[in-house]
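For reference, the chains in residue letters:
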Amino acid sequence: MRNRYLDLLRAAAIVRVIVYHLFGWPWLSIVLPAMGVMFALAGSLTAASLEKRAAGQVVTSRMRRLLPPLWLLGLVAVPVMLVAGWRHEVDGEHAFSVARLAFWILPVGDPPGSDAGIDAWEPLWYIRAYLWFILLSPILFALYKRIGWAAVAAPLALMAALDVTGLSLPETADAALWDFVTYGACWIAGFAHHDGRLARLKPWVVAPLAVLMGAAALYWLSGHQGEDAWDLNDVSESQALWSLAFVVLALRWQPPMGWLGRVRPLDSLVTVLNARAVTVYLWHNIAIAAVWPVLTVVALDDLAGDIGGAVDLGTSLALTLFAVVLFGWAEDLAARRAPRLWPTGSRALQPESLPARPAPSGPVEPVAVRTGRPDARAYSAAAAMSRRPGSWPPGPRSAPDPAEGRHAAVPEPLAGEVVERPDWFRSHPDRP
């Protein structure tokens, strides 16, 4: 069976991303730090794969699951931007360069685009950050196996060193470095979730630790506010601490999820969002940009107040789901599943087919305890969030300041098993 609690966390993060980008409410970054959650889930499931397969196989498998949906977006967005005059753009964020188009194929740097097409390319920093986490995971996992929780703290220590020294790298490398130090602790905390190290922490240790990190995050935020005083996405240090605090609480808890199957519409929505996480992430910003023109055509663009907000949200969700129908099949092909227009039911998140493992030559050790950790083969990559678009309704926007990349705020979603709760959960009086 799938771990529906992880599915629900991922689906909530995806919806939060859409709402944040539509309305720009900064407090949402505190209520649910979506990026930290998604990177932690991806780290947990990547660790599961690294324990089962060779590092090279894991890296190539993850890349294969991540990149085809990006290529499909590029096949649509890049020609449109070229026809719309990208080659002749003056003082744009990304001057047209044939060489830099390679980042649409292998995004070790941010895929470029025209200022007019900002809604297509601006969120792609996440794809670049996620790719680097994939490439580094064999090293990070080996480090974690050797030094444990110190590996979780290492990105935070590196961030502190960068703040103290003021070290700055060339733009592309600097952006990748700051994304690593901001979300690396969450990714490696996912390793601790996978192997049970997080579950073995006592509640009286986890709760005060999370409170301490959260308090430190808000204290730092109070003296380093960005454009919005309560937006963690503007301050990497606060984002890193708050996200890690949230992650250690959320992933240590495994509530019963039988109720979800009884709420069929919600259960189906959670399935769709997990099966099409990459597609939703890649296309939701474009869908939001299309909301205002669509409402203008149907003469609903002058609604105000709560009704107007509800119509905006409903339209953005509908357009995003329309993109899922048009382009989501790329995730099925990438996962070696039969393509489907609308992924629901038991086949929606089936794992990719893998070669059978050879039988061991020696005696087989009996398995005394099943880990209950997710099967790392059954989801596609995760969606999270980027910096929110400009004021709504969308109007002409200046190109983003490259300096903001350092303080900018999307998992790979994978299937898992739900088994008996570990002994600490059954015996501890404070369990939920």
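One can find the structure itself at the top, above this paragraph.
What comes next concerns the included structure. (Residues numbered from 1 in each chain as written. Predicted model: local features only at pLDDT ≥ 70, side-chain atom pairs only at ≥ 80, totals over all residues. Heavy atoms only, no water.)

1. So, the side chain of Ser-114
Step number 1: With respect to the helices and strands, the residue Ser-114 is situated in the loop between helix H4 (55–83) and helix H5 (118–121).
Step number 2: If near-sequence neighbours (up to four positions away) are discounted, Ser-114 is found in contact with Met-81, Trp-86, Glu-89 and Trp-121. (Helix = DSSP H or I, 4+ residues; strand = E, 2+ residues; numbered from the N terminus. Contact = heavy atoms within 4.5 Å.)

2. Some remarks on the environment of Glu-171
Step number 1: Along the polypeptide, Glu-171 turns up in helix H8 (residues 171–194).
Step number 2: Overall, the relative accessible area of 55% leaves Glu-171 in the exposed class.
Step number 3: Separated by 62 residues in sequence, Glu-171 and Gly-109 have C-alpha atoms that sit 9.6 Å apart. (Buried < 20%, exposed > 50% of the residue type's maximum accessible area, 1.4 Å probe, protein only.)

3. A word on H4
Owing to its 3.6 residues per turn, the α-helix aligns residues three or four sequence positions apart on the same side.
Step number 1: Taking 1.5 Å per residue, 29 residues should reach 42 Å; H4 reaches 42 Å between its end C-alpha atoms and fits that length.
Step number 2: Along H4, the sharpest change in direction is near 30° and occurs at Gly-74.
Step number 3: Among the residues trailing H4, Gly-85 stands out with phi positive, at a value near 105°. (Expected span 1.5 Å × (residues − 1). Bend = angle between axes of the 7 residues up to and from the residue.)

4. Some remarks on the packing of helix H9 (residues 203–223) against helix H10 (residues 236–252)
Step number 1: Here H9 crosses H10 at 160°, and the two axes come no closer than 8 Å. Here H10 runs roughly antiparallel to H9, going by the angle between their axes. Here H9 and H10 pass one another in a crossing that is left-handed. Side by side, H9 and H10 meet where Pro-203, Val-206, Ala-207, Ala-210, Met-213, Gly-214, Ala-216, Ala-217, Leu-218, Trp-220 and Leu-221 of the first sit next to Glu-237, Ser-238, Leu-241, Trp-242, Leu-244, Ala-245, Val-248, Leu-249 and Arg-252 of the second.
Step number 2: For the contact of H9 with H10, the class distribution of residues is 16 nonpolar, two polar and two charged. (Axes fitted to C-alpha atoms, helices over the stretch in contact; angles between N-to-C directions. Parallel < 35°, antiparallel > 145°, perpendicular 65-115°, else oblique. Left-handed = near helix turned anticlockwise from the far one by under 90°. Nonpolar A, V, L, I, M, F, W, Y, C, P; charged D, E, K, R; others polar.)

5. A look at unusual backbone geometry
Trans peptide bonds make up the majority, and among non-glycine residues the majority have a negative phi.
Step number 1: Positive phi is not limited to glycine here, since Asp-91 has a value of about 60°.
Step number 2: Examined against the element boundaries, Asp-91 turns out to sit in the loop between H4 and H5.
Step number 3: In this model, Arg-336 sits at a positive phi of 60°, which is unusual for a non-glycine residue.

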